[in-house]
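Residue-level structural notes
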Amino acid sequence: MRMISVIICFPFFFLRYLSYNYEEAAKKELGKDYPTGHLFITVQKHDLELEIEKKFRSHSEHKDNELKIETTKDIPISPLGKWYHYNPHEIMEFEQQMRRKVHYVIEPKHLWSNISEMARTQNPELLVTLESGFRYIENESFESAFQGLFSEINLNSEKLGKTSAERNKKLCTIIQKIAEGIAEFSVDSDTLGDAYEYLIGEFAAGSGKKAGEFYTPQQISTILSEIVTLDSQEPKTGKKKKLDKVLDMACGSGSLLLNVRKRIKDSGGSVGKIYGQEKNITTYNLARMNMLLHGMKDTEFEIFHGDTLENSWSLLNEMNPSKKTEFDAIVANPPFSLRWEPNDTLAEDFRFKSYGLAPKSAADFAFLLHGFHFLGKEGTMAIILPHGVLFRGGAEERIRTKLLKDNHIDTVIGLPSNLFYSTGIPVSILVLKKCKKHDDVLFINASEHYKPGKRQNTLREGENEEPNDIRKIVETYQFRPDHIEKYARRVSMDEIEKNGYNLNISRYVNTSEDEVQIDLEDVNNKLTSINESIKANTDKHNEYLKELGLKPI
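Residues numbered from 1 in each chain as written. Predicted model: local features only at pLDDT ≥ 70, side-chain atom pairs only at ≥ 80, totals over all residues. Heavy atoms only, no water.

1. Some points on the overall build of the protein chain
A tally of regular secondary structure across the protein chain gives 18 helices and 12 strands. The buried share among the 553 residues of the protein chain stands at 47%. Contacts in the protein chain between residues far apart in sequence, at least 24 positions, make up 73% of those at least 6 positions apart. Total accessible area on the protein chain is roughly 28,800 Å²; 50% of this is exposed by carbon and sulfur atoms. (Helix = DSSP H or I, 4+ residues; strand = E, 2+ residues; numbered from the N terminus. Buried < 20%, exposed > 50% of the residue type's maximum accessible area, 1.4 Å probe, protein only. Contact = heavy atoms within 4.5 Å. Areas by Shrake-Rupley, 256 points an atom, 1.4 Å probe, with all protein chains shown as cover.)

Below you can see the structure in the form of structure tokens.
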């Protein structure tokens, strides 16, 4: 029930955000012409309303049943709605201006202020108005159509009621409660975006293993984001000034992409455009709402609904190498060890042809190779994968070996267990580059650096004089030390080759305590001394027994 209530909130959160921004922009655009005060307009009653009222009067025993039936009614209306009502010839020019300034348009009847007022007054037309509003936002509000954005919200579901009237009444109650809950909530994009992220996190926590499909915990997201925003050749020099294109080919709710954007912008840099792909329709819609709720224009991102491994996105399916789209930063948290269907056609696919296909039982390397194919020469890719990719044999060993021989694997990071909602196993982060400066691999073993929890472990963030596990991982990657005892080490390709291109982290950075060295000669001398002392004292004791006429021991 908690998860259902959270997921229902998302579209209304989104509608309130769009509405508030639009109304504030309209105030600036219209200036003194923007209506104020207590707003009512007089409209004609529907024929159906008149008919119902006539029937009521004819059956009523009330003395006023002969009074004249009014054919008009006063209805409350939003300020912008009033302006629309009295300025019909100026609407087109106004909406053109709004598209230029806020990049979208919402009709007054679909604004949150009107929807919430309809809910408060139990308006019988709420259901129809809301439904038409969702369709309008999907197809007409933005330059780019956001078709299916609200497809997961079924306003005609029998769970809301068996009849239209019942559903309308139930919807009025739901929206009224939501409106009361978020009435005083900030509507600036940073705060509202953070609240949306919080709700997604809460939904993920309640979803258990299913959450792996759409949510990367913020702490892990921060590590990946910090890594890919650093200069690829000289991380120690700090963050890049600009990322032209950023990709997450299994983007879920889009949180990881937004984290990359936040990190680069917080350091004074900029992002051209972010791109995401998601197979699950619900999380695909969450991602699109998430982008807009974080203040992004529809021209600043592109989320594609489709299967990454089938590569049906035309943007990434360009056969001409000279026209291939390349990305400055790629991040991903794909589903772990997903079963897939490799075939002869995929064997010839430009993404896999040079490396071979990942096994049917685990598509981990298929996701990695998909992303790596589109990585720019000066770009950085960071992907979360299960530890098995580091040491499993067969096809995965062949792919891993070629990536190492071609000097594309830059860093291997081992994380603690039970950090993710979807799995309790420890996972790794692989950092890859097309043009690597170093001919070694940096191994970071952070598996013992965390704060244990009852349900889930977390990385420490330096609060209350605790260590900062996130910063330690990022700074170790950034400054690339030769060796940190029981934590990190740069390993030569010769050593990795001698280990059969096995990247099992504990082979190179062992966190186990060293066995205490035992000096056997010293132990033997001590035992000899103890035995001699025992013999001397036994002899002395026997002398006393002899004097007493007792049998010696």
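2. Brief notes about a nonpolar patch on the surface
Among the surface-exposed residues, Ile518, Leu520, Val523, Leu527, Ile530 and Ile534 lie close enough to one another that they form a single nonpolar patch of about 590 Å² accessible area. Among the residues examined, Ile534 registers a relative accessible area of 48% and is labelled partly exposed. (Patch = residues over 30% accessible without salt bridge, like charges linked within 9 Å, V, L, I, M, F, W, Y side chains within 5 Å. Salt bridge = Lys/Arg side-chain N within 4 Å of Asp/Glu carboxyl O.)

3. So, the packing of helix 5 (residues 112–120) against helix 6 (residues 126–141)
Axis separation between helix 5 and helix 6 bottoms out at 10 Å; the angle between their running directions is 160°. As far as their axial angle goes, helix 6 and helix 5 are roughly antiparallel. Like other packed secondary-structure pairs, helix 5 and helix 6 cross with a definite hand, here left-handed. Contacts from Ile115, Met118 and Ala119 in helix 5 reach Leu126, Thr129 and Leu130 in helix 6. (Axes fitted to C-alpha atoms, helices over the stretch in contact; angles between N-to-C directions. Parallel < 35°, antiparallel > 145°, perpendicular 65-115°, else oblique. Left-handed = near helix turned anticlockwise from the far one by under 90°.)

4. Quick word on unusual backbone geometry
Despite not being glycine, His103 shows a phi value in the positive range, around 70°. Among the structural elements, His103 can be located in the loop between helix 4 (91–101) and helix 5. Phi angles above zero are rare outside glycine, and Ser337 is one such case at about 45°. Among the structural elements, Ser337 can be located in the loop between strand 6 (327–332) and helix 12 (344–347). Judged by relative accessible area, Ser337 falls into the partly exposed class, the value being 29%.

5. A closer look at helix 18 (residues 520–547)
Given 3.6 residues per turn, any residue in an α-helix points the same way as the ones three and four places further on. Taking 1.5 Å per residue as the helical rise, helix 18 with its 28 residues ought to reach 40 Å, and the 41 Å between its terminal C-alpha atoms agrees with that figure. Where helix 18 begins, the side chain of Asp519 points an oxygen toward the backbone nitrogen of Glu521, at a separation of 3.2 Å. (Expected span 1.5 Å × (residues − 1). Polar contact = N/O pair within 3.5 Å; in protein donor to acceptor, adjacent residues only side chain to side chain.)

6. Looking at the packing of aromatic side chains
For the coordinates displayed, the defined rule picks out 18 aromatic pairs. Each ring, one from Phe14 and one from Phe150, has its centre 6.0 Å from the other, and the planes form 50°; the classification is tilted. Placement of the pair is Phe14 in helix 1 (residues 2–30) and Phe150 in the loop between helix 6 and helix 7 (164–182), with a sequence separation of 136 residues. Using a relative accessible area of 0% as the deciding quantity, one classes Phe14 as buried. Between Phe350 and Phe374, the aromatic rings sit 6.4 Å apart at their centres with planes inclined by 90°, giving edge-to-face as the arrangement. (Phe/Tyr/Trp six-rings, centres within 6.5 Å; stacked < 30°, edge-to-face > 60°.)

7. Regarding the sheet that holds strand 6
Strand order in this open sheet of 10 strands is 5-4-3-6-7-9-8-10-12-11, and the pairing throughout is mixed. Each end of this open sheet is capped by a strand with a single partner; those strands are strand 5 (301–305) and strand 11 (483–484). By the bridge criterion, five bridges tie strand 6 to strand 7 (residues 375–386) in an arrangement that is parallel. Residue pairing across strands places Val331 opposite Ala382, the latter belonging to strand 7. Relative to strand 7, helix 9 (residues 218–229) is tilted by about 160°, and along the sheet it contacts strand 3 (242–248), strand 6, strand 7, strand 8 (409–414) and strand 9 (427–432). (Pairing = 2+ DSSP bridges.)

8. Observations concerning the pairing of strand 12 (residues 488–492)
Summarising the sheet, strand 10 (residues 440–445) and strand 12 pair through five bridges and their orientation is antiparallel. Bridge pairing in strand 12 places Val441 opposite Val491. Where strand 11 and strand 12 come together, two bridges link them in antiparallel fashion. Looking at strand 12, one finds that Ile484 is bridged to Ala488.

9. A short note on the pattern of salt bridges
Here the structure, examined in full by the defined rule, presents 28 salt bridges. The partner of Asp440 in a salt bridge is Arg490, and the shortest N-O contact between them spans 2.9 Å. Pair noted here: Asp440 is in strand 10 and Arg490 is in strand 12, with a separation of 50 residues, a long-range link. Here the salt bridges share partners, and the residues they tie into one network are Asp410, Lys433, Asp440, Arg480, Asp482 and Arg490.

10. Concerning helix 9
Helix length check: helix 9 (12 residues) gives 16 Å between terminal C-alpha atoms against 16 Å at 1.5 Å per residue, within 8%. With 11 of its 12 residues buried, helix 9 lies for the most part within the structure.

11. Digging into the environment of Leu286
By secondary structure assignment, the location of Leu286 is in helix 11 (residues 281–293). What makes Leu286 buried here is its relative accessible area of 4%. Along the primary structure Leu286 and Glu152 are separated by 134 residues, whereas in three dimensions their C-alpha atoms are 10.0 Å apart.

12. With respect to the side chain of Ser116
Tracing the backbone shows Ser116 in helix 5. A distance of 3.2 Å separates a polar atom in the side chain of Ser116 from the backbone oxygen of Ser113. Discounting chain neighbours no more than four positions away, the residues touching Ser116 are Ile175 and Ala179.

13. Observations concerning the packing of helix 3 (residues 79–86) against helix 4
Where helix 3 meets helix 4, the closest approach of the two axes is 10 Å, and the angle between their N-to-C directions is 140°. One way to sum up the angle between helix 3 and helix 4 is to call them oblique. Only Ile91, Phe94 and Glu95 of helix 4 make contact with helix 3, whose side of the interface consists of Leu80, Trp83 and Tyr84.

14. Points about the environment of Asn418
One can find Asn418 in the loop between strand 8 and strand 9. For Asn418, a relative accessible area of 22% translates into the label partly exposed. The sequence separation of Asn418 and Asn457 amounts to 39 residues, and the corresponding C-alpha distance is 5.5 Å. Once residues lying within four places of it in the same chain are set aside, the contact partners of Asn418 are Thr423, Gly424, Ile425, Arg455, Gln456 and Asn457. Of note is the side chain of Asn418, whose polar atom sits 3.1 Å from the backbone oxygen of Arg455.

15. Brief notes about the side chain of Thr129
Within the secondary structure, Thr129 is located in helix 6. Given a relative accessible area of 11%, Thr129 falls into the buried group.

16. Some points on the confidence of the model for the protein chain
Summary statistics for the protein chain give a mean pLDDT of 86 and a share of 85% for residues scoring 70 or more. Confidence drops under a pLDDT of 50 for residues 208–212, and excluding neighbours within four residues, the segment shows seven contacts in the predicted structure. (pLDDT = per-residue confidence, 0-100.)

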